[in-house]
Amino acid sequence: MPVPTEDVFRIEDLRIRAGKKELLKGISLSLRRNEILSAIGPSGSGKTTFLRCLNRLTDLEEGLTIEGRVLFKGKNIFDPETDAIELRRKVGMVFAVPMPLPMSIRDNLMLPLRLQSNSLEEDADGRIETCLRAAFLWDEVKDRLSLAATSLSGGQQQRLCLARSLMVRPDVLLLDEPCSGLDPISTAKIEEALQGLKKVMSVVLVTNNVKQASRTSDRTAFLLMGELVELGETGQIFTNPRDSRTGDYVSGRFG
Amino acid sequence: MSRRPASERLIETFIRLSAGVAIAALVMIFIFIGKEALPVLTSPKVREEAGLSKLFLPQPPAAGKPARFSWQPVSKVPKYSLLPLFVGTIKVTLVSLLFALPLALGAALFTSEFAAAWLKEIVKPVIELLAAIPSVVLGFLALIVTASYVQNVFGLDFRLNTLNAGMALALAVIPVVYTVAEDALSSVPNSFREGSIALGATSWQTAWRVVLPAAFPGIFAACVLGFGRAIGETMIVLMASGNAAVLSWNAGHPFRSLSATVAAELGEVVKGSPHYHVLFFIGVMLFIFTFLTNFAGQMFVTRLKEKLTGAR
């Protein structure tokens, strides 16, 4: 088995404050190529803030102070000369609540391509099929691509959002509790999709579901109150945690 | 059936009653205006002087003269052609919407999508305050202050012209359209914006391709309301239009609108005369006009919502 070593993201001592409140208290970790890294922790632990940092969605929130460095392919994304728009095309994101826009399925998928009109895909239909297949949605929607995306079920909508974020071939995919509102079958399909996706990209999965982290991810990071308590191979985190708090959390003693 | 407390039933009755009163008022307005307008269709005496053909077809001003459209209800041979009034009304409405819609929608898009929070706090109430200015004040402004200026700038032959009146009318339309459109834009869930930004959209792309389409039903409703306001507005056009019932589509000419005609003439008309009944007939026309626009707008919005949400 090839050992992926090159880091896509390198996060060095990342600190985020909102006013006096510290949301992240100095986090350092790296995201490797072709891995699924899951971030677990109780709510309020800062995992979503951490995730939103990686594509600079934190720009939308007023009053955040960000210190430390986040290197994406060696360049600090918080440098003034970094183009956040360009970054977000390389770092896709799927939200907790499925967020199809009020247009047809096809238009939803085409939107990311249309947004960057200078690089119009020549074979858009082929790309749509590829991405829908990767998200395990193709068979369910292939005959009704012109239907409104909001007519799909919640689980289908979430897979549509997953497919949509793949349209521009991102290097990294960020998932913010993507299965929190989904039924077990949709959840399984998304988890299966992620296993396929990691062959071509890296995935950061924030989840409240500890079992999901243990099923899907290669490495797991445990956050608590804005601190990175422990980061390690998923198997080690779940069977042999170094920190007792990690053990308490993954075994369900608090959370 | 379980008994509910008396106080609750009292409140429910009261609420039913208030809704009923509002609907009854609307129906009764229509009945009473319609009753006064009906002789135009039924009474032989009224029809002889002002029947439907007299209202809508060209009539010769005197025997042997070529037929034309004119509104001269108090001349020796009264002429009741409504066409000049229709044209004047539609003309000024179009001019005012031409000014008001881009300005109001642009302002709404700016405050909801681009303005900083503190700026929005200032801009929104100020524009909405425009609605609190009595229309007689706007009419005065158009009549005394801007008329000569507009005439000079555009090199028009008439001081009181459609362009000037339309701009004043736009000031009355803007707050209506702005308020409704801004609410529609602001109620687009933030998750739409975040999702779009996360796809690599600029804030302009987000506003134009995501927020605007999502808010479109509300924006369309805002435009329909603005149309209703423009077509029904009386005082501004009465003061600033010149009130000349000429059949002309030229925006540099004066005009006479339906509503201003009713306002100017109903106070002095002989009760029960054909002229009196024609004025009420005009009222019914205005009523039907706005009713149909609102209805068509509502249908369109419902259809659009179905299309957007995929419900069938």
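Scroll up a little and you will see the structure.
Predicted, not measured: the structure shown is a model, and the values here were computed from it.

Visitor: How would you sum up the side chain of Lys91 of chain B? Please name residues and give values.
Guide: Residue and element names in this part refer to chain B. Secondary-structure assignment places Lys91 in helix H5 (residues 83–114). One buried charged side chain, Lys91, makes no salt bridge at all; its nearest oppositely charged neighbour is Asp157, positioned 12 Å away. A polar contact is formed between the side chain of Lys91 and the backbone oxygen of Asn250, at a distance of 3.0 Å.

Visitor: Explain the sheet that holds strand S9 (residues 219–224) of chain A residue by residue, including any values.
Guide: Residues and elements named next belong to chain A. Reading across the sheet, the six strands line up as S6-S7-S8-S3-S9-S10 and stay open at both edges, with mixed pairing between neighbours. Each edge of the open sheet is held by one strand with a lone partner, namely strand S6 (91–94) and strand S10 (227–233). Shown here is a sheet whose adjacent strand axes are inclined to one another by a mean of 15 degrees, direction ignored. Pairing of strand S7 (residues 172–176) with strand S8 (residues 202–206), which is carried by five bridges, proceeds in the parallel orientation. Across the sheet, the residue bridging to Leu174 is Val204, located in S8.

Visitor: I'd love a proper account of a nonpolar patch on the surface, names of residues and values included.
Guide: Residue and element names in this part refer to chain B. On the surface, Phe30, Ile288, Phe291, Leu292, Phe295 and Met299 cluster together into a nonpolar patch covering about 600 Å² of accessible area. Element by element, the count of residues in the nonpolar patch is highest for helix H14 (residues 274–309), at five residues. As for its placement among the helices and strands, Phe295 is situated in helix H14. Residue Phe295 is classed as partly exposed on the basis of its relative accessible area of 49%.

Visitor: Could you give an account of the environment of Pro175 of chain B, naming the residues involved and the relevant values?
Guide: Residues and elements named next belong to chain B. Assignment of secondary structure puts Pro175 in helix H8 (residues 162–186). As for Pro175 and Ala100, which are separated by 75 residues in sequence, their C-alpha atoms are 9.0 Å apart. Those residues within four positions of Pro175 in sequence are excluded, and the remaining contacts are Ile127, Leu130 and Ala131.

Visitor: How would you summarise helix H10 (residues 203–214) of chain B if you had to cite specific residues and measurements?
Guide: Within the span of H10 of chain B, buried status applies to Gln205, Thr206, Ala207, Val210, Val211 and Leu212 of chain B. Considering only its buried residues, H10 of chain B is in contact with helix H2 (84–90) and helix H3 (105–115) of chain A together with H5, H8, helix H9 (190–198) and helix H11 (216–232) of chain B.

Visitor: Describe the nonpolar core, naming the residues involved and giving the relevant values.
Guide: Grouped burial of nonpolar side chains is what soluble globular proteins tend to show. Counting 45 residues, the largest nonpolar core has Leu101 and Leu111 of chain A together with Leu185 of chain B as the members making the most contacts within it. Elements supplying a minimum of two residues to this core: H3 of chain A together with H5, helix H7 (135–154), H8, H10, H11 and helix H12 (235–240) of chain B. The element that contributes the greatest number of residues to this core is H8 of chain B, accounting for twelve residues. Leu185 of chain B has contacts with Ala108, Leu109, Ser112, Glu113, Arg193, Val211, Leu212, Ala215 and Ile219 of chain B, leaving out every residue within four places of it along the chain. Counting residues in hydrophobic clusters, the runner-up holds 34 residues, among them Val94, Ile128, Leu132 and Ala193 of chain A.

Visitor: Break down the interface of chain A and chain B for me, citing the residues and quoting the values.
Guide: Chain A puts 24 residues into the contact, and the matching count from chain B is 19 residues. Note on chain A versus chain B: buried area summed over both sides is about 1,900 Å², and carbon and sulfur give 68% of it. Counting the surface chain A buries against chain B, the share from its top three residues, Met99, Pro102 and Leu115 of chain A, is 30%. Inspection of the region where chain A meets chain B yields one salt bridge. Between Glu194 of chain B and Arg52 of chain A there is a salt bridge, and its shortest N-O distance comes to 2.8 Å. Counting across the interface, chain A meets chain B through three residue pairs in polar contact (both at pLDDT 80 or more). Elements with a contribution of two residues or more to the side of chain A that touches chain B: H2, S6, H3 and helix H6 (154–166) of chain A. Top contributing element to the side of chain A that touches chain B by residue count: H3 of chain A, with four residues. Residue classes in the side of chain A that touches chain B are distributed as 15 nonpolar, four polar and five charged.

Each value, and the rule that gives it
- Residues numbered from 1 in each chain as written.
- Chains lettered and ligands numbered in written order.
- Predicted model: local features only at pLDDT ≥ 70, side-chain atom pairs only at ≥ 80, totals over all residues.
- Heavy atoms only, no water.
- Helix = DSSP H or I, 4+ residues; strand = E, 2+ residues; numbered from the N terminus.
- Buried < 20%, exposed > 50% of the residue type's maximum accessible area, 1.4 Å probe, protein only.
- Lys, Arg positive; Asp, Glu negative; His and termini not counted.
- Salt bridge = Lys/Arg side-chain N within 4 Å of Asp/Glu carboxyl O.
- Polar contact = N/O pair within 3.5 Å; in protein donor to acceptor, adjacent residues only side chain to side chain.
- Pairing = 2+ DSSP bridges.
- Axes fitted to C-alpha atoms, helices over the stretch in contact; angles between N-to-C directions.
- Patch = residues over 30% accessible without salt bridge, like charges linked within 9 Å, V, L, I, M, F, W, Y side chains within 5 Å.
- Areas by Shrake-Rupley, 256 points an atom, 1.4 Å probe, with all protein chains shown as cover.
- Contact = heavy atoms within 4.5 Å.
- Core = buried A, V, L, I, M, F, W, Y, C linked by side-chain atoms within 4.5 Å.
- Buried area = accessible area lost by both parts, 1.4 Å probe.
- Nonpolar A, V, L, I, M, F, W, Y, C, P; charged D, E, K, R; others polar.

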